[in-house]
Each structure stands twice: as structure tokens, then as C-alpha cells.
Amino acid sequence: MNVVCLMGRLTADPEVRQTPNGISVCSFSIAVDRFANGERKADFINCVAWRQTAEFAARYFNKGKPILTCGQLQTRSWTDQNGQKRYTTEVVADEAT
């Protein structure tokens, strides 16, 4: 199992919703600073949290606030409305502090 830990700032307020089975899921994006060729740049990493972690993130974090999250990388695919195959890679957060 590969664990990824990211520290950055939330790009927007976390969005929490409930699945049809009543499970909380929260989506958020983190701006993570990096330095390339002597310049400061940011990578924007999408994250998703489930259950208690989702509720915690939605309750205690908002746009611009620093966050540390650890979880696993996940790649998933779907077909959009135009019939095109789409892919995304995100962190499935097990922890958020």
C-alpha cells in the first residue's frame, strides 16, 4: 500500500454530500507549493474523503485554510455525456488535519 501525504491550502470550501445509502463523501482540492527552476509554483490536487473524515473536513476546513491530508492515490475513469472517456487521479484521504 502506498500512502501519500500532502500539505497545502484548500482552493475552495470542501463539498460534502450523502450517497443514496447515507454515507458522507467530501470533495476538496489542495494547492501544494513546489519549486521548479527557482520559481515557486503550485500543483492542484483533488481529494475525496469518506465517512467521518468527510464530515470532519467539511466541518473544520474552509477555503484558504492549511490542511495536511494522507491517503492513497486512485485513478478512475468514466464516459462523459459526449461519449468521451475521461480519467482523473485523486487522493482518497484517510486523514485530514
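Our subject is the structure that appears above.
Here goes a summary of the coordinates provided. Everything numeric here is computed off the predicted structure, so don't read it as measured data.

Quick look at the pattern of salt bridges
Part 1 of the reasoning: This model, assessed by the stated rule, comprises 4 salt bridges.
Part 2 of the reasoning: Across the pair Arg40 and Asp33 runs a salt bridge whose closest N-O atoms are separated by 2.8 Å.
Part 3 of the reasoning: When its relative accessible area of 60% is taken as the criterion, Arg40 is described as exposed.
Part 4 of the reasoning: Among the salt bridges present, the one from Glu90 reaches Arg76, with a minimum N-O distance of 2.8 Å. Linking Glu90 in strand S6 (residues 85–96) with Arg76 in strand S5 (residues 66–79), this pair joins segments that are 14 residues apart in sequence.
Part 5 of the reasoning: The exposure class assigned to Glu90 is buried, which follows from its relative accessible area of 7%.
Part 6 of the reasoning: Looking at Arg76, the relative accessible area reads 40%, which means it is partly exposed.

A short note on the nonpolar core
Part 1 of the reasoning: The biggest cluster of nonpolar side chains holds 15 residues, and the ones touching the most others in it are Leu10, Phe28, Ile30, Phe61 and Ile67.
Part 2 of the reasoning: Listed by contribution, the elements that provide at least two residues to this core are strand S1 (4–10), strand S3 (24–36), strand S4 (39–50), helix H1 (51–60) and S6.
Part 3 of the reasoning: Here the element with the most residues in this core is S3; it accounts for 4 residues.
Part 4 of the reasoning: Contact partners of Phe28, with chain neighbours within four places excluded, come to Leu10, Pro14, Ile45, Asn46, Cys47, Ala49, Ala57, Ile67, Thr69 and Ala93.

Side note on the side chain of Thr53
Part 1 of the reasoning: Inspection of the secondary structure puts Thr53 in helix H1.
Part 2 of the reasoning: Judged by relative accessible area, Thr53 falls into the buried class, the value being 16%.
Part 3 of the reasoning: Of the polar contacts made by the side chain of Thr53, one reaches the backbone oxygen of Asp94; its length is 3.2 Å.
Part 4 of the reasoning: Excluding residues that lie within four positions of it along the chain, Thr53 makes contacts with Ala93, Asp94, Glu95 and Ala96.

Definitions and cut-offs
- Residues numbered from 1 in each chain as written.
- Predicted model: local features only at pLDDT ≥ 70, side-chain atom pairs only at ≥ 80, totals over all residues.
- Heavy atoms only, no water.
- Salt bridge = Lys/Arg side-chain N within 4 Å of Asp/Glu carboxyl O.
- Buried < 20%, exposed > 50% of the residue type's maximum accessible area, 1.4 Å probe, protein only.
- Helix = DSSP H or I, 4+ residues; strand = E, 2+ residues; numbered from the N terminus.
- Core = buried A, V, L, I, M, F, W, Y, C linked by side-chain atoms within 4.5 Å.
- Contact = heavy atoms within 4.5 Å.
- Polar contact = N/O pair within 3.5 Å; in protein donor to acceptor, adjacent residues only side chain to side chain.

Coordinates in, geometry out; function isn't part of it.
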